Amino acid sequence: MNRRILISGASIAGPALAFWLARIGFSPTVVERAPRLREGGNGVDVRGQAVHVAERMGILPLVRAAAADVVGLSFVDGANRSVARLDLRAIQRRAGDADVEIMRGDLAAILHEATRNDVEYVFDDSIRRMDQDDDGVTVTFERGPTRRFDLVVGADGTHSTVRRLAFGPESGFLTYLGHHFAFAEADPGLGEKRWVTLYNLPGRAVSIYRSGNHPGAKVHFMFRSRPLTYDHRDVERQKRLLHEAFADALWLVPELLAGALADPDFYFDSLSQVRMPSWSSGRVVLAGDAAHCASPAAGAGATLSLVGAYRLAGELSSAAGDHRVAFHRYEQGYRKTVERHQSNLFLGLLAPKSRPGIWARNTMARLPILGALAGVEGRLQPRTPALPDYGPAAGSPRT
Ligand SMILES: Cc1cc2nc3c(=O)[nH]c(=O)nc-3n(C[C@H](O)[C@H](O)[C@H](O)COP(=O)(O)OP(=O)(O)OC[C@H]3O[C@@H](n4cnc5c(N)ncnc54)[C@H](O)[C@@H]3O)c2cc1C
């Protein structure tokens, strides 16, 4: 039986998987490259089946209590006048959804808290090398001593080290979506409470995210560009690239940019999707963004990570730890869902390419049509499919 499981990455997918593995009798260890839990990020959605996963984990009340409490999108012009508003909460109500939006850092903290007594966490380290044989995987770390595990899971995000070591360079798996983006802290005085205030220039978007539940605010920048070359760990170069992209922009951009460039938690990346022909290779398997990042433009990363973690642990449980059977079923059962989310992007809404595109988006947002469509869709669409049941240990709410 494969019991000792090393998980790389302590964000959403990693701790969620560790939760279930510990619950069903495996011994998970989570290694995280950052020296502590990373707090950054805007709101992420916990939707559909992920709400049921959170419920089964017993963390749903905590997730709801920490919800970002954001009403919707307010589109503004260069003089900071609201030109259209999209009340996403009303649309959600009409569609009958029970979804929750929560700050990424809050969700990561809830998952860590729910697991830290049952799971070994190793911060400030990373896998350097993995050698698989018939019985297990010998793992060499950047800092800690070499250890033996039965299985290794890459839950280390879009630029996964585990994926590179087991499957090859990321250039073979990343599909660039023509934009780069950044997240950082923002001065809350610049945004409207409980709204995402969004300013557009053709192919560029800057938004201030102000939750009703937090004193601070976040800024999100996005810009169209050809693929840019930089080391994804070279934060200073990333800050220069962002500065170049927005140096001429007006509105509140100079203040927001200055704040972002001074933020130690600054996060910059290409808007890319991960598409893999297979999510496992022998005793190594991928979860969350490492396997199937849909990009922040899909708004599905946290949802897919929570549900994928539940499914991967459940398959390992029902296959009594046989990784060949479990990894095959995990992928077979989940790939279609992932692909559906990957094809559902909101780029036209967030960053129209041209001035007429911005005008058309604002005009659409002023019409009640989106709300009406959501109401119809809510009545017509099939209910969220039930989660697969993997037996009492994997399915019962925490006591
Ligand atoms: C700081 C941060 C902010 C984010 N903000 C947003 C946001 O505002 N909106 C949004 O839609 N999505 C955001 N994301 C992405 C979002 O969290 C994911 O799309 C989604 O939740 C899937 O999570 P994941 O656990 O698979 O991957 P991620 O959330 O990307 O987490 C991967 C984890 O692995 C760690 N890691 C990376 N390399 C190694 C390594 N070699 N060894 C060990 N650990 C490693 C990272 O530090 C990170 O903690 C953010 C991610 C991070 C890390």
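Look a little higher up for the structure.
Remember, it's a predicted structure, so these values are computed and weren't measured experimentally.

Conventions adopted
Residues numbered from 1 in each chain as written. Predicted model: local features only at pLDDT ≥ 70, side-chain atom pairs only at ≥ 80, totals over all residues. Heavy atoms only, no water. Near = heavy atom within 4 Å. Polar contact = N/O pair within 3.5 Å; in protein donor to acceptor, adjacent residues only side chain to side chain. Areas by Shrake-Rupley, 256 points an atom, 1.4 Å probe, with all protein chains shown as cover. Helix = DSSP H or I, 4+ residues; strand = E, 2+ residues; numbered from the N terminus. Nonpolar A, V, L, I, M, F, W, Y, C, P; charged D, E, K, R; others polar. Contact = heavy atoms within 4.5 Å. Buried < 20%, exposed > 50% of the residue type's maximum accessible area, 1.4 Å probe, protein only. 1 Å grid on protein atoms, 1.4 Å probe; cavity = no way out; pocket = protein on both sides within 12 Å on 5 of 7 lines; lining within 4 Å. Points joined across faces, edges and corners; volume = space filled by probe spheres on them. Core = buried A, V, L, I, M, F, W, Y, C linked by side-chain atoms within 4.5 Å. Pairing = 2+ DSSP bridges. Axes fitted to C-alpha atoms, helices over the stretch in contact; angles between N-to-C directions.

Examining the site of the ligand
As a structural note, the neighbourhood of the ligand is formed by 28 residues, with Ser-11, Glu-32, Asn-42, Thr-161 and Asp-289 the closest of them. In the model, an oxygen atom of the ligand is placed 2.6 Å from a nitrogen or oxygen of the Ser-11 side chain. Note that an oxygen atom of the ligand is positioned 2.9 Å from one of the side-chain N or O atoms of Arg-38. Protein contact buries 94% of the 920 Å² of open area that the ligand shows by itself. Of all elements in the fold, only strand E2 (27–32) and helix H10 (301–318) reach the threshold of two or more residues within the shell around the ligand. With three residues, the top contributor of residues to the shell around the ligand is H10. Considered class by class, the residues forming the shell around the ligand number nine nonpolar, twelve polar and seven charged.

Some points on the side chain of His-323
Within the secondary structure, His-323 sits in helix H11 (residues 323–342). Once residues lying within four places of it in the same chain are set aside, the contact partners of His-323 are Asn-2, Leu-151, Gly-282, Arg-283 and Leu-316.

Overview of unusual backbone geometry
Notably, Asn-80 is not glycine yet its phi reads approximately 65 degrees, a positive angle. Turning to its location among the elements, Asn-80 is positioned in the loop between strand E4 (72–76) and strand E5 (82–86). Note on Asn-80: relative accessible area 37%, which makes it partly exposed. Backbone geometry at Ser-295 places phi at a positive 90 degrees, although glycine is not the residue there. Relative to the helices and strands, Ser-295 resides in the loop between helix H9 (289–292) and H10. For Ser-295, a relative accessible area of 5% corresponds to the buried category.

With respect to the environment of Tyr-199
Here Tyr-199 is to be found in strand E13 (residues 195–201). Beyond its immediate stretch of four places on either side in the chain, Tyr-199 contacts Val-76, Asp-77, Gly-78, Arg-204, Ala-205, Val-206, Leu-250, Trp-251 and Val-253.

Considering empty space enclosed by the protein
This model, assessed by the stated rule, comprises one cavity of 30 Å³ or more. Every residue lining the largest cavity is listed: Gly-40, Gly-41, Phe-183, Ala-184, Glu-185, Lys-218, Asp-263 and Asp-265. Of the residues belonging to the lining of the largest cavity, the class tally is two nonpolar, two polar and four charged.

Quick word on the nonpolar core
Core analysis: the biggest nonpolar cluster contains 79 residues, and Ile-7, Ile-127, Val-152, Leu-312 and Leu-316 have the highest contact counts within it. A per-element tally of this core places H10 first, with nine residues. For Ile-127, the residues in contact, after removing those within four places along its chain, are Leu-6, Ser-8, Val-31, Val-139, Thr-140, Phe-141, Glu-142, Val-152, Thr-161, Val-162 and Leu-165.

As for the sheet that holds strand E11 (residues 151–154)
Spatially, the six strands line up as an open sheet ordered E7-E2-E1-E11-E18-E17, and their pairing is mixed. Each edge of the open sheet is held by one strand with a lone partner, namely strand E7 (120–123) and strand E17 (280–281). Pairing geometry for strand E1 (residues 4–8) and E11, over four bridges, is parallel. Bridging from a neighbouring strand, Leu-6 pairs with Val-152 of E11. Sheet strands in contact with helix H1 (residues 13–23) are E1, E2, E7 and E11, and its direction is about 165 degrees off that of E1.

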